[in-house]
Amino acid sequence: MASVPPALSAELVMYRRAGCPYCEAWDREIGPIYPKTDIGKQLPLRQVHLDRGKDTSVELKSPVRFTPTFVVVENGKEKARIEGYPGEFFFWGVLEKLML
């Protein structure tokens, strides 16, 4: 098993699978700008590819069943999550609420 880098004190972890069309839409619509935003600077993005093996770097509240799933992580533990990606307006709105 490959070693996994430790989770940062606060980050956004994106769980994905190869061929996920919603992951690909997020990559096109949000991926290039995410690190340039205020949220992206507060919550750096780390991607976990579920089809590459189990990731144990985050203490999740429940298993990841859908991709993409975005997990707000603080000190290695799940604080909140967004399951799915129905578009950029939804993503930013929900993520901003989770940041409060």
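None of the values given here were measured: they were computed from a predicted structure. Numbers given for residues are sequential positions, taken from 1 along each chain in its written order. Reporting of local features is limited, given that this is a predicted model, to residues whose pLDDT is at least 70; pairs of side-chain atoms are given and counted only at 80 or more, and all residues count toward the totals for whole chains, interfaces and linings. Side-chain descriptors were evaluated using all non-hydrogen atoms of the structure, hydrogens and water having been removed beforehand.

Student: I'd like a description of the nonpolar core, backed by residues and values.
Tutor: Throughout, nonpolar core names a set of buried Ala, Val, Leu, Ile, Met, Phe, Trp, Tyr and Cys residues whose side chains join them through atoms within 4.5 Å. Working definition: with a 1.4 Å probe on protein chains only, accessible area under 20% of the residue-type maximum means buried, over 50% means exposed, and in between means partly exposed. L12, W26, Y34, F70, F91 and L95 are the most contacted members of the largest nonpolar core, which totals 17 residues. Under the scheme used here, helices are H or I runs from DSSP no shorter than 4 residues and strands are E runs no shorter than 2 residues, and both carry numbers assigned from the N terminus. When contributions to this core are tallied by element, the ones reaching two or more residues are β1 (10-16), α1 (21-29), β3 (69-74) and α3 (88-99). The contacts of L12, once residues within four sequence positions are left out, are Y34, L43, P44, L45, R46, F70, V71, V72, F91 and L95. Ranked by size, the runner-up nonpolar core spans seven residues in total, among them V13, V48, V58 and V73. We call two residues in contact when some of their heavy atoms are within 4.5 Å.

Student: Please give an account of the layout of surface pockets that cites residues and values.
Tutor: Residues are said to line a cavity or pocket when one of their atoms sits within 4 Å of a point; the points come from a 1 Å grid over protein atoms alone, cavities being sets where a 1.4 Å probe fits but cannot get out and pockets being open sets with protein on both sides within 12 Å along at least five of seven lines. Grid points are joined across faces, edges and corners, and a volume is the space filled by probe spheres set on the points. Estimates place the volume of the second largest pocket at around 180 Å³. Lining the second largest pocket are Y15, L50, G53, K54, D55, T56, V58, L60, P63 and V64. When the residues that make up the lining of the second largest pocket are grouped by side-chain class, the tally is six nonpolar, two polar and two charged. Amino acids are sorted into nonpolar (Ala, Val, Leu, Ile, Met, Phe, Trp, Tyr, Cys and Pro), charged (Asp, Glu, Lys and Arg) and polar (every other residue, Gly among them).

It is worth stressing that arrangement in space is one thing and function is another; only the former is reported here.
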